[in-house]
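# Structural features, examined
For reference, the chains in residue letters:
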Amino acid sequence: MTFQLWGWRREDVCQVLSWVPDAVGGRGGVMMRKTLAAKDPTAVERANLLNMAKLSIKGLIESALSFGRTLDSDYPPLQQFFVVMEHCLKHGLKVRKSFLSYNKTIWGPLELVEKLYPEAEEIGASVRDLPGLKTPLGRARAWLRLALMQKKMADYLRCLIIQRDLLSEFYEYHALMMEEEGAVIVGLLVGLNVIDANLCVKGEDLDSQVGVIDFSMYLKNEEDIGNKERNVQIAAILDQKNYVEELNRQLNSTVSSLHSRVDSLEKSNTKLIEELAIAKNNIIKLQEENHQLRSENKLILMKTQQHLEVTKIDVETELQTYKHSRQGLDEMYNEARRQLRDESQLRQDVENELAVQVSMKHEIELAMKLLEKDIHEKQDTLIGLRQQLEEVKAINIEMYQKLQGSEDGLKEKNDIIARLEEKTNNITTAMRQLEQRLQQAEKAQMEAEDEDEKYLQECLNKSDSLQKQIAQKEKQLVQLETDLKIEKEWRQTLQEDLQKEKDTLSHLRNETQQVISLKKEFLNLQDENQQLKKIYHEQEQALQELGNKLSESKLKIEDIKEANKALQGLVWLKDKEATHCKLCEKEFSLSKRKHHCRNCGEIFCNACSDNELPLPSSPKPVRVCDSCHALLIQRCSSNLP
């Protein structure tokens, strides 16, 4: 039943199974045939499919090697291989129910390969873009052909077999892809990487092809048995050919890589030389800038030192003048305070005497009221004068505090103080005159007491004279007011001078701040100079390291160029071509054997090639001729430091 299910005839299967022991290996095939009957039908199906896969893969490889060129889509063993792979992938597929019918295709598990192996996305995209494919089975057949052309069918199917959890959605548990037979088939597919296939997928009708296995291709003939030895010889020749081609490819790749390395090293060498030139130019510029900065720093230092010396001398002179002026003003202030105290005491005595006289002269109240009024007015004027004197003193104190730092101001103050002294002297003289007048008044009062009745008319006359004196005093007061106005104007001028002196002091302070800022800038410039020196030393060290690296790279480039020249000029001389030694030119015989030099490839006798040295191609010591030995030793000695 199992054979009929898969479209096989019993006679064909018997013939194939009779040949399976030779293909699988003698006794193993016999044992396998005996055990197939005891197994379940699914195991029998898996074993039959495995055997057919082995036969198809082996026949395809042998026929392709004997064919000796790329395979087309019309090649019968290749078509049979695709049919067998289709049957292997269909084994144990789950039936998926759709809305209209039951679906059972191998396109579903093959689509999983795109998720598991990112390089398979190109095959999936190209299969979907094919215009003639309409069914999932046709897409699966196109996918198998493209995977064979890429030589990655084994890799793609290996990814599927590893992920059995995902395959369980598409296959039953007893399917070939879920068991060990699937892994064996994937291992056999690795051998197909030797085959070069050129298949045209667009023109084929892959949807309507019938997948039936043709067993006639795998049946033995006597001619096939006789041609085995020829096939073996042809396979050996093809293996040698492939080996030689691979060696040529490797040599070409190594030569191209060496050329690319030489080019890259030359480019890097030129870049390093340019960078060295740029670095040298930068160092020269930095040195010039350093010299300029040093000269500027020296000039700034000289200027700042001179300016500091000048400012120190000015400050010392100003301090001395301030001290002298302060001492003189203190003395003047003390003298003025003493004079004021004396005047206040005298005024108090006068007031007391006047009060006694008022109490003593009740009888002459009517006559003396006018005198008392005049005396009170005079007292008011005296109080005003005292206030004015106090204001003058306060102003003098303020001026004394304000005019502490300038010589011109001191001279003007001395002049003002002299004027004030004159004014105070005038005031004192006026006070003395008043005191004298008061004494005269006292005398008159005494005379009035003695001669009250007699001298009433005389008192009236004296009162008239006193009124005249009061008028004179009023005139003196007017003069004093004018003098006060003049003093106020002098005060304003002095205040303006003080403001000017304050401005000069602020200017001097600004200059001192500028000097301090210049010092800070000088310190910053010194720090920058030290940093530039450090950068200069670091760049010199980097340049030395670059020079060492350049020398090493030049030596490496020379070695690579010599190796490249040796590879390009190396010719492995055949034994038939050489009859004499190249150095001693002695003829070879049974006693004088031929020996190849592994460096130049020429043939020498034992005496001329008994040296051994390690070469770039082989780290172990190898036979070398005398000339190559001397040349290599000279090169090694020149490379040593």
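All values reported here derive from a predicted model rather than from experimental measurement. (Residues numbered from 1 in each chain as written. Predicted model: local features only at pLDDT ≥ 70, side-chain atom pairs only at ≥ 80, totals over all residues. Heavy atoms only, no water.)

## Thoughts on the overall build of the protein chain
A tally of helices and strands in the protein chain yields 17 helices and six strands. Each of the 641 residues in the protein chain was classed as buried or not, and the buried ones make up 31%. A separation of at least 24 residues holds for 70% of the contacts in the protein chain among residues at least 6 apart in sequence. (Helix = DSSP H or I, 4+ residues; strand = E, 2+ residues; numbered from the N terminus. Buried < 20%, exposed > 50% of the residue type's maximum accessible area, 1.4 Å probe, protein only. Contact = heavy atoms within 4.5 Å.)

## So, the nonpolar core
Counting 58 residues, the largest nonpolar core has Phe-81, Trp-143, Met-153, Leu-157, Tyr-171 and Leu-189 as its most contacted members. Elements represented by at least two residues in this core include exactly helix H4 (41-67), helix H5 (76-90), helix H6 (107-116), helix H7 (121-129), helix H8 (136-150), helix H9 (153-162) and helix H11 (180-189). Residues within four places of Leu-157 in sequence aside, it is in contact with Met-85, Leu-89, Leu-110, Val-186 and Leu-189. Counting residues in each nonpolar core, the second largest holds 15 residues, with Cys-581, Val-624, Cys-625 and Leu-632 among its members. (Core = buried A, V, L, I, M, F, W, Y, C linked by side-chain atoms within 4.5 Å.)

## Things to note about H8
With 15 residues, H8 should reach 21 Å at 1.5 Å per residue; the first-to-last C-alpha distance of 21 Å fits that figure. Judged by how many residues are buried, H8 sits mostly within the fold: eleven of 15 residues are covered. Where H8 is concerned, the buried positions are Leu-137, Gly-138, Ala-140, Arg-141, Ala-142, Trp-143, Leu-144, Arg-145, Leu-146, Ala-147 and Leu-148. Residues of H8 that are buried in the fold lie against H5, H6, H7 and H9. Lys-151 sits one or two residues past H8 and shows a positive phi near 60 degrees. (Expected span 1.5 Å × (residues − 1).)

## Examining the UniProt feature "coiled-coil region" (unreviewed entry) in the protein chain
Mapped onto this structure's residue numbering, the UniProt feature "coiled-coil region" (unreviewed entry) falls at residues 262-296 and 333-563. Helix makes up 100% of residues 262-296 and strand 0%. Its end C-alpha atoms lie 50 Å apart. (UniProt positions renumbered as here; feature names shortened; annotations may be inferred.)

## Some points on the packing of H5 against H8
Where H5 contacts H8, the two axes come as close as 11 Å, and the packing angle between them is 120 degrees. Taken together, the axes of H5 and H8 are oblique relative to one another. In the packing of H5 onto H8, the handedness of the crossing is right-handed. Of the residues in H8, those in contact with Leu-78, Phe-82, Glu-86, Leu-89 and Lys-90 of H5 are Leu-137, Arg-141, Leu-144, Arg-145 and Leu-148. In terms of residue class, the contact of H5 with H8 is built from six nonpolar, no polar and four charged. (Axes fitted to C-alpha atoms, helices over the stretch in contact; angles between N-to-C directions. Parallel < 35°, antiparallel > 145°, perpendicular 65-115°, else oblique. Left-handed = near helix turned anticlockwise from the far one by under 90°. Nonpolar A, V, L, I, M, F, W, Y, C, P; charged D, E, K, R; others polar.)

## Observations regarding the packing of aromatic side chains
Under the defined criterion, the tally for this structure stands at three aromatic pairs. Taken together, a centroid distance of 5.6 Å and an interplanar angle of 55 degrees make the contact between Phe-81 and Phe-82 tilted. For Phe-82, a relative accessible area of 6% gives the class buried. Their ring planes at 45 degrees and their centres at 5.7 Å tell us that Trp-143 and Tyr-156 sit as a pair that is tilted. Of this pair, Trp-143 sits in helix H8 while Tyr-156 sits in helix H9; the two residues are 13 residues apart in sequence, bridging distant segments of the chain. (Phe/Tyr/Trp six-rings, centres within 6.5 Å; stacked < 30°, edge-to-face > 60°.)

## Considerations on the packing of H6 against H9
Angle between the axes and distance between the axes: these two values describe a pair of packed helices. At a minimum axis distance of 9 Å, the contact between H6 and H9 shows a crossing angle of 95 degrees. Considering their axes alone, H6 and H9 lie roughly perpendicular with respect to each other. Here H6 contributes Pro-109, Leu-110, Leu-112, Val-113 and Leu-116 to the contact with H9, which in turn contributes Tyr-156, Leu-157, Cys-159 and Leu-160. By residue class, the composition of the contact of H6 with H9 is nine nonpolar, no polar and no charged.

## Quick word on the pattern of salt bridges
Summed over all chains, the structure comprises nine salt bridges. In this structure, Glu-111 engages Arg-128 in a salt bridge whose closest nitrogen and oxygen atoms are separated by 3.8 Å. Of this pair, Glu-111 sits in helix H6 while Arg-128 sits in helix H7, and the two are 17 residues apart along the sequence. With its nearest N and O atoms 3.6 Å apart, the salt bridge here joins Glu-602 to Lys-582. (Salt bridge = Lys/Arg side-chain N within 4 Å of Asp/Glu carboxyl O.)

## Some thoughts on the pairing of strand S6 (residues 618-624)
In terms of strand pairing, strand S5 (residues 611-615) meets S6 through five bridges, oriented antiparallel. When the sheet's bridge partners are listed, Pro-614 is paired in S6 with Pro-621. The antiparallel pairing of S5 with S6 creates a hairpin that spans two residues between the two strands. (Pairing = 2+ DSSP bridges.)

## Digging into H5
For an α-helix the count is 3.6 residues per turn, leaving residues at separations of three or four pointing the same way. Here H5 is 15 residues long and its end C-alpha atoms lie 21 Å apart, about the 21 Å a rise of 1.5 Å per residue gives. Counting buried positions over the 15 residues of H5 gives twelve, a clear majority of the element. All of the buried residues in H5 are Pro-77, Leu-78, Gln-80, Phe-81, Phe-82, Val-83, Val-84, Met-85, Glu-86, His-87, Cys-88 and Leu-89.

## Comments concerning the confidence of the model for the protein chain
On average, residues of the protein chain score 76 in pLDDT, and 80% of them reach the 70 mark or higher. Confidence drops under pLDDT 50 across residues 1-38; counting only partners more than four residues distant or on other chains, this segment forms 45 contacts. (pLDDT = per-residue confidence, 0-100.)

## Quick word on a negative patch on the surface
Side chains of Asp-330, Glu-331, Glu-335, Glu-421 and Glu-422 sit close together on the surface and give a patch of like negative charge. Elements supplying a minimum of two residues to the negative patch: helix H13 (228-360) and helix H15 (407-450). Among the elements that make up the negative patch, the one with the highest residue count is H13 (three residues). Examined against the element boundaries, Glu-422 turns out to sit in helix H15. (Patch = residues over 30% accessible without salt bridge, like charges linked within 9 Å, V, L, I, M, F, W, Y side chains within 5 Å. Areas by Shrake-Rupley, 256 points an atom, 1.4 Å probe, with all protein chains shown as cover. Lys, Arg positive; Asp, Glu negative; His and termini not counted. Charge placed at Lys NZ, Arg CZ, Asp CG, Glu CD.)

## A closer look at unusual backbone geometry
With phi around 60 degrees, Lys-151 is a residue other than glycine that occupies positive phi space. Inspection of the secondary structure puts Lys-151 in the loop between H8 and H9. Judged by its relative accessible area of 31%, Lys-151 is partly exposed. Unusually for a residue other than glycine, Glu-585 sits at a positive phi of about 60 degrees. Looking at the element boundaries, Glu-585 is found in the loop between helix H16 (456-569) and strand S3 (595-596).

## Structural notes on the state of the cysteines
This structure, assessed with the given rule, holds zero disulfides. Left unpaired, Cys-584 is separated from the closest cysteine sulfur, that of Cys-581, by 3.5 Å. You can see Cys-628 has no disulfide; the closest cysteine sulfur is in Cys-625, sitting 3.3 Å from it. What makes Cys-628 buried here is its relative accessible area of 10%. (Disulfide = S-S within 2.5 Å.)

## Here we look at the environment of Lys-549
Mapping Lys-549 onto the fold places it in helix H16. Through-space distance from the C-alpha of Lys-549 to that of Leu-272 is 9.7 Å; in sequence the pair is 277 residues apart.

## Details of the environment of Lys-134
With respect to the element layout, Lys-134 can be found in the loop between H7 and H8. Taking the relative accessible area as the measure of exposure, Lys-134 reaches 70% and is therefore exposed. Each C-alpha atom of the pair Lys-134 and Asp-207 lies 6.9 Å from the other, and the pair is 73 residues apart in sequence.

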